[in-house]
Amino acid sequence: SSYGVHRPEIRRDGLLPPQRQRRRSLAFLSTIPRGGAGNNNGNHDNSPLIEMNPVYNTKNQEQQPPPPYMTVGDLDHPNQYPKEPPPSSNNRTQAPKPLIEIATKFVRNLHHQSPTLSILSLLSVLVFLLWQIPSGPASPLLRFLQTHFVCSRDGVIRKKRIHTMLLSSISHIGFFHVLFNLYSFVHLGAPLARFLEQVLDGNGYGLWWFVIGASISGSMMHILTSFRGEHCMGLSDVTLAMFAFEAKRNPSREFRTIYFPGVGFLAQHVLTVLLVVSAFGVLIGGKNNSGGGVAHAAHLGGLLFGVGYYEAMLRGWIGRGNRQQQQRRRWAGYYDVRRRMRIN
């Protein structure tokens, strides 16, 4: 280019750069005379002041793609304006979903996370409803529930009702008892089920064996420390075992309660307090080995089971499989319990 003359850059395809194209598309605005567009003879007619875009045509509107750059004629292109958003599902005027549909969806999602959580939760609700049916002291239903869904020293040792050590965990009489236990069971059981699936190679039975072991441990502790015919029932021993396992795995995790909503307590500190309170309740005795009708012995058994289960997994005593599988995993560097125990 000569001095003082700037020539636009021409690409190999013969087109101008995008900046020059946009500048050229709007150049007519500065060349249109006031009062209308003029012709070569200098006469003015009634031509419009807006330049017609040859790309925009009503006949071939669907066939023609949108132009690569925007001019004045492109302002009403159908593809330029965003589509209206769909109506919000949170409309206040919309009728809410039925409770049965919400409950069914919740149970399905819970069963997808862990069948153990969904099955035991439904069984706990069913047994609770059976306890609420009005019946006399000599009714067959009441005798059936007291025989098979209540754990006591006399029933297990003298009458050989060993199954009550498991069935008593899904038995609740009070509404708030079953409500708090099921909330804790689902809240603590969902992450524990995912963790056991990862550590135990996804065999699908990790949480089942954990719940069975925690229930037996709590019932055994209650049987060994009760000598006056006290009985126990509820999922408290299982939920406390889950909490003890989580506290050992994540000791710095904060937990909050409804009594102190703005204060967080570290899991390790809460575990220590629960162990001391449960042990003290067992030592002082009282109704149901407790004060206020709380089965401290079953709670202590659940806490000790959770701590012991974690220590057993940390040392590789649980989840090893047979000896040949263990050797193959060690040779391949696959079996590393201490590393896999830290999976969140």
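### Some remarks on the packing of aromatic side chains
Two numbers describe a pair of aromatic rings. These are the distance of the centres and the angle of the planes.
So, point 1. According to the stated counting rule, one finds 12 aromatic pairs in the structure shown.
So, point 2. Each ring, one from phenylalanine 175 and one from phenylalanine 176, has its centre 5.4 Å from the other, and the planes form 75 degrees; the classification is edge-to-face.
So, point 3. The structure contains a cluster of three or more aromatic residues connected by ring pairs, namely Phe195, Phe210, Phe245, Phe305, Tyr309 and Tyr310.
So, point 4. Directly above the aromatic system of phenylalanine 195 lies the positively charged group of arginine 249, at a separation of 4.2 Å from the ring centroid.

### A few points about the pattern of salt bridges
Pairing is possible between side chains of opposite charge, provided their charged atoms come close.
So, point 1. Within the structure shown, the criterion is met by 6 salt bridges.
So, point 2. Between lysine 248 and glutamate 311 there is a salt bridge whose closest N-O contact spans 3.8 Å. Remark: glutamate 311 occurs in helix 11 (residues 296-314) and lysine 248 occurs in helix 9 (residues 236-249); sequence separation between them is 63 residues.
So, point 3. Judged by relative accessible area, which is 23%, glutamate 311 ranks as partly exposed.
So, point 4. Arginine 315 is the partner of glutamate 311 in a salt bridge, and the nearest nitrogen-oxygen pair spans 2.5 Å.

### So, the confidence of the model for the chain
Should pLDDT be low for a region, the predicted coordinates there are not to be read in detail.
So, point 1. Chain-level pLDDT for the chain is 75 on average; 62% of the residues reach the 70-or-more range.
So, point 2. Predicted confidence for residues 286-290 stays below pLDDT 50, and this span has 20 contacts to residues more than four positions away or in other chains.
So, point 3. Confidence drops under pLDDT 50 across residues 326-335; counting only partners more than four residues distant or on other chains, this segment forms 15 contacts.

### Some points on helix 7 (residues 175-199)
So, point 1. Along its 25 residues, helix 7 runs 35 Å from first to last C-alpha, staying within 8% of the 36 Å computed at 1.5 Å per residue.
So, point 2. Along its length, helix 7 shows its largest kink, about 35 degrees, at glycine 189, and proline proline 191 lies within four residues downstream of that point.

What counts, and where the lines are drawn
- Residues numbered from 1 in each chain as written.
- Predicted model: local features only at pLDDT ≥ 70, side-chain atom pairs only at ≥ 80, totals over all residues.
- Heavy atoms only, no water.
- Phe/Tyr/Trp six-rings, centres within 6.5 Å; stacked < 30°, edge-to-face > 60°.
- Lys NZ or Arg CZ within 6 Å of the ring centre and 35° of its normal.
- Salt bridge = Lys/Arg side-chain N within 4 Å of Asp/Glu carboxyl O.
- Helix = DSSP H or I, 4+ residues; strand = E, 2+ residues; numbered from the N terminus.
- Buried < 20%, exposed > 50% of the residue type's maximum accessible area, 1.4 Å probe, protein only.
- pLDDT = per-residue confidence, 0-100.
- Contact = heavy atoms within 4.5 Å.
- Expected span 1.5 Å × (residues − 1).
- Bend = angle between axes of the 7 residues up to and from the residue.

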